[in-house]
Amino acid sequence: MSEKVIEMTGTILSVKNLSKHFIIKNNVFSQKKIINAVNDISFDILPNESMGLIGESGSGKSTTANLVLRLLEPTRGEIMLFGKNIADINYKEMRILRKDIQIIFQHTFSALDPKMTVDELLKEPLIIHNIVPVQELDKEVDRLLNMVGLPAGEKIKFPQQLSGGQNQRVIIARAIATRPKIIVCDEPVSSLDVSVQGQILNLLIKLKEELNLTYLFISHDLKVVRLMCEKTAVMHEGKIVEIGKSSEVLFNPKHEYTRKLLDAEL
Ligand SMILES: Nc1ncnc2c1ncn2[C@@H]1O[C@H](COP(=O)(O)OP(=O)(O)OP(=O)(O)O)[C@@H](O)[C@H]1O
Ligand SMILES: [Mg+2]
């Protein structure tokens, strides 16, 4: 992706009037029910910015992430990634774009193929996206392990031989392997022990600085968002009810729903 496009548009990700409605069929009476999971939301994320997306369970955070990653098709609205409308790009272009936008999910164990060693898990994205020449794969795996704080000796192990925190480091190494510009983090530490959560968050902060990354950071934990994100959007029933600098939204909220979220934290 050309740096020029980002410079021109000034945004990494720009979402305008985005909606996703799910139609659920009630089996018994075959009545249709529409769920407005995401309902007319707009936001921009600038280069090297982290935007937190908070809100209670079911408010539409993961649906937003899936739309941005084009794992779901929107009902309405526009998603501009690096200045390109993702609705207009074909499968081949999307494959190339996937290198630039990566995701880190919540469920650490199910996110990794248990039959693959750490070495194989890290080589997979490097080979698929042709990141380095074949003769440099081993060196690149060692470099990635070092970046995420795992000893090189761990690469012969399988996911089930590692701790939750170590697995999350492997997931992060896979995400950065393709040298992305933006990483969508959907509750990246919520399945980890509290003691390990801090280590993983510090790793994400370090990588953001070293690799000039941009994050869309989904969390229901306001403490985490305060630490990680300069900007915060608050979702409630599919809508963004408040958006702005974290120092304002999370310390001096204007919207009643945000105040309720902050009160619930105490
Ligand atoms: N594939 C789907 N089909 C039907 N409804 C869905 C689907 N995916 C999500 N929903 C519904 O859309 C709404 C938003 O769900 P979403 O997963 O985006 O919430 P969330 O904010 O990520 O919640 P959590 O904090 O629990 O992860 C919910 O009502 C959910 O039940
Ligand atoms: Mg979710």
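Residues numbered from 1 in each chain as written. Chains lettered and ligands numbered in written order. Predicted model: local features only at pLDDT ≥ 70, side-chain atom pairs only at ≥ 80, totals over all residues. Heavy atoms only, no water.

(A) Structural context of the sheet that holds strand β4 (residues 76-81). In space, the four strands of this open sheet follow the order β2-β1-β4-β5, with antiparallel pairing throughout. Edge positions in the sheet fall to β2 (32-45) and β5 (84-85), since each of these pairs with one other strand and no more. For strand β1 (residues 13-25) and β4, the ladder comprises five bridges, and the chain directions are antiparallel. Within β4, the residue paired with L13 across the bridge is L81. (Pairing = 2+ DSSP bridges. Helix = DSSP H or I, 4+ residues; strand = E, 2+ residues; numbered from the N terminus.)

(B) Looking closely at unusual backbone geometry. A positive phi angle, near 50°, is found at F82, a position not held by glycine. Among the structural elements, F82 can be located in the loop between β4 and β5. For F82, a relative accessible area of 0% puts it in the buried group. For E237, which is not glycine, the phi torsion reads 50° and is therefore positive. Mapped onto the elements of the fold, E237 is located in the loop between β9 (231-236) and β10 (239-245). (Buried < 20%, exposed > 50% of the residue type's maximum accessible area, 1.4 Å probe, protein only.)

(C) Region of the structure containing the site of ligand 1. If you check the shell around ligand 1, you find F22, I24, I35, A37, E56, S57, G58, S59, G60, K61, S62 and T63 and nothing else. Between G58 and ligand 1, the recorded distance is 2.8 Å, taken from a backbone N or O atom to an oxygen atom. Measuring from an oxygen atom of ligand 1, one finds a backbone N or O atom of G60 at 3.1 Å. Summarising the interface, the protein chains cover 61% of the accessible area of ligand 1, which totals 640 Å² for the free molecule. At the level of elements, β1, β2 and α2 (61-68) are the ones that each hand at least two residues to the shell around ligand 1. (Near = heavy atom within 4 Å. Polar contact = N/O pair within 3.5 Å; in protein donor to acceptor, adjacent residues only side chain to side chain. Areas by Shrake-Rupley, 256 points an atom, 1.4 Å probe, with all protein chains shown as cover.)

(D) Spotlight on the pattern of salt bridges. Evaluated as defined, the whole model comprises 15 salt bridges. The partner of E73 in a salt bridge is R70, and the shortest N-O contact between them spans 3.5 Å. Given the relative accessible area of 46%, E73 is considered partly exposed. The shortest N-O distance in the salt bridge between K157 and E154 comes to 3.3 Å. Accessibility expressed as a relative area gives 12% for E154, which makes it buried. Bridged by salt links that share partners, the residues D119, K123 and D138 form one connected network. (Salt bridge = Lys/Arg side-chain N within 4 Å of Asp/Glu carboxyl O.)

(E) The arrangement of the environment of E187 in detail. Here E187 lies in the loop between β7 (182-186) and α7 (194-211). Taking the C-alpha atoms as reference points, E187 and I35, 152 residues apart in sequence, are found 22 Å from one another. Sequence-distant contacts of E187, defined by excluding residues within four places in its chain, comprise K61, Q106, I218, S219 and H220. There is a polar contact of 2.9 Å between the side chain of E187 and the side chain of H220. (Contact = heavy atoms within 4.5 Å.)

(F) Here's a closer look at the packing of aromatic side chains. What the rule picks out here adds up to one aromatic pair. Over the aromatic face of F251 sits the side chain of R226, whose NZ or CZ is 5.1 Å from the ring centroid. (Phe/Tyr/Trp six-rings, centres within 6.5 Å; stacked < 30°, edge-to-face > 60°. Lys NZ or Arg CZ within 6 Å of the ring centre and 35° of its normal.)

(G) Region of interest: the sheet that holds strand β8 (residues 214-218). Pairing is mixed across the open sheet formed by six strands, whose spatial order is β6-β7-β8-β3-β9-β10. Edge positions in the sheet fall to β6 (101-104) and β10, since each of these pairs with one other strand and no more. Neighbour-to-neighbour, the strand axes of this sheet turn through a mean angle of 15°, independent of strand direction. Bridge count between strand β3 (residues 50-54) and β9: four bridges; the pairing is parallel. Looking across to β9, one finds that L53 is bridged to A233. (Axes fitted to C-alpha atoms, helices over the stretch in contact; angles between N-to-C directions.)

(H) Just the confidence of the model for the chain, in detail. Looking at the chain as a whole, the pLDDT averages 92, with 94% of positions reaching at least 70. When pLDDT is averaged over each element of the chain, helix α5 (residues 137-147) comes out on top at 98 and helix α1 (residues 3-9) at the bottom at 47. Counted against residues more than four places away or in other chains, residues 1-8, with its pLDDT under 50, gives 13 contacts. (pLDDT = per-residue confidence, 0-100.)

(I) Region of interest: the pairing of β1. Here β1 runs beside β2; their pairing, made up of ten bridges, is antiparallel. Directly across from F22, in β2, lies its bridge partner I35.

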